[in-house]
Amino acid sequence: MPMKDPPALDAMPLGEIMSLLAAQKLPPVDQWNPQHCGDSEMRISRDGTWFHQGSPIGRAAMVRLFSTILRREPDGRHVLVTPVEKLDIDVEDAPFLAIELRSEGKGRDRRLAFRLNTDDLVVADNEHAICMEDRGHGVHPYLHVRGGLDALIARPVYYELANMALDDGEAPFGLWSDGAFFSMDATE
């Protein structure tokens with residue numbers, strides 16, 4: 001059965017986005033502790049493309065499925081985990097890419113919702129922080145997704161955020177979302 005295209009974030013009220021978030025159910029990968037079985041021969045490139053044995057995975061449904069069993073280990077490695085196996089996966093930067101933004105409200109009353117390249121939705125808040133980090137290739141914006149997994153915020157989305165922050169005029173430079181303030185100052 002083919003997947004339906006997801007609705008555009010700008011067409012959904014934030015209340016509907018919050019309802020979709022509440023309905024998202026992910027496997028309990030943090031509770032699974034199988035033996036390490038080896039390498040998945042998979043890689044997630046910096047631009048969010050998933051590869052298997054050097055070839056891009058073209059089916060969005062497969063990428064979405066694999067993304068639900070992705071976990072970050074305490075030593076920083078990324079693995080694909082099921083109740084019976086654990087396989088390494090190479091992640092060049094962040095495993096997700098934040099590709100779309102929806103903002104409602106202004107200043108302290110703002111809420112920011114992001115769509116990831118896997119069609120997951122994340123609202124920036126205390127548990128899903130926006131931060132500026134240098135991971136060895138310059139300072140870039142990231143959004144915490146879950147369990148040590150982050151999304152690199154795509155350049156066009158970052159520019160939207162920067163314009164909002166400029167309009168808000170906060171000092172330090174940054175944005176509010178769902179009651180939490182996120183500095184966007186790359187020097188902090």
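Cut-offs and rules
Residues numbered from 1 in each chain as written. Predicted model: local features only at pLDDT ≥ 70, side-chain atom pairs only at ≥ 80, totals over all residues. Heavy atoms only, no water. Pairing = 2+ DSSP bridges. Helix = DSSP H or I, 4+ residues; strand = E, 2+ residues; numbered from the N terminus. Axes fitted to C-alpha atoms, helices over the stretch in contact; angles between N-to-C directions. Contact = heavy atoms within 4.5 Å. Buried < 20%, exposed > 50% of the residue type's maximum accessible area, 1.4 Å probe, protein only. Expected span 1.5 Å × (residues − 1). Arc of directions from axis to C-beta. Salt bridge = Lys/Arg side-chain N within 4 Å of Asp/Glu carboxyl O. Phe/Tyr/Trp six-rings, centres within 6.5 Å; stacked < 30°, edge-to-face > 60°.

*Asks:* With reference to specific residues and values, describe the sheet that holds strand E11 (residues 139-146).
*Replies:* The strand order E9-E8-E7-E12-E11-E10 describes an open sheet built from six strands, whose pairing is mixed. Each edge of the open sheet is held by one strand with a lone partner, namely strand E9 (121-123) and strand E10 (130-134). Taken over all neighbouring pairs, the strand axes of this sheet differ in orientation by 45° on average, direction set aside. Across the sheet, helix H3 (residues 155-168) is in contact with strand E7 (96-104), strand E8 (111-116), E10, E11 and strand E12 (149-153); its angle to E7 comes to roughly 30°.

*Asks:* Give me the lowdown on the environment of Pro-141, citing residues and values where you can.
*Replies:* Secondary-structure assignment places Pro-141 in strand E11. Once the C-alpha coordinates of Pro-141 and Val-157 are considered, the two residues, 16 residues apart in sequence, prove to be 9.8 Å apart. Contact partners of Pro-141, with chain neighbours within four places excluded, come to Cys-131, Met-132, Ala-151, Leu-152, Ile-153 and Tyr-158.

*Asks:* Describe the pairing of E12, listing the residues and the values that go with them.
*Replies:* Within E12, five of the five residues are buried, which leaves the element mostly enclosed by the surrounding structure. Across the two faces of E12 the burial is the same, with Leu-149, Ala-151 and Ile-153 and Asp-150 and Leu-152 all buried. Pairing analysis gives three bridges linking E7 to E12, with the strands arranged parallel. Paired with Ala-98 across the bridge in E12 is Ile-153. Counted between consecutive antiparallel strands, the loop separating E11 from E12 contains two residues, among which Gly-147 sits at a positive phi close to 40°.

*Asks:* Tell me about H3, residues and numbers included.
*Replies:* Given 3.6 residues per turn, any residue in an α-helix points the same way as the ones three and four places further on. Between the first and last C-alpha of H3 there are 20 Å, a value that for 14 residues agrees with the 20 Å anticipated at 1.5 Å per step. The complete set of buried residues in H3 reads Val-157, Tyr-158, Leu-161, Ala-162, Met-164 and Ala-165. What you see down the axis of H3 is that its buried residues fit within an arc of 160°, all on one side. Looking at H3, the residues exposed on the side facing more than 90 degrees away from the buried face are Arg-155, Pro-156, Leu-166 and Asp-167. Phi for Gly-169, located one or two positions after H3, is positive at around 65°.

*Asks:* I'd like a rundown of the environment of Gly-169, residues and numbers included.
*Replies:* If you trace the backbone, Gly-169 turns up in the loop between H3 and strand E13 (174-177). In sequence terms Gly-169 and Gly-107 are 62 residues apart; their C-alpha atoms lie 9.1 Å from each other.

*Asks:* Please provide a residue-by-residue account of the pattern of salt bridges, values included.
*Replies:* This structure, assessed with the given rule, holds 13 salt bridges. If you follow the salt bridges from partner to partner, you end up with Arg-71, Glu-73, Asp-75, Arg-77, Lys-86 and Asp-88 in one network.

*Asks:* Requested: an account of the packing of aromatic side chains, with residues and values cited.
*Replies:* What the rule picks out here adds up to three aromatic pairs. Measuring from ring centre to ring centre gives 6.5 Å for Trp-50 and Phe-66, while their planes differ by 15°; the resulting arrangement is stacked. Of this pair, Trp-50 sits in strand E2 (residues 50-52) while Phe-66 sits in helix H2 (residues 60-68), placing them 16 residues apart in sequence. The residues Trp-50 and Phe-66 share a single accessibility class, namely buried.

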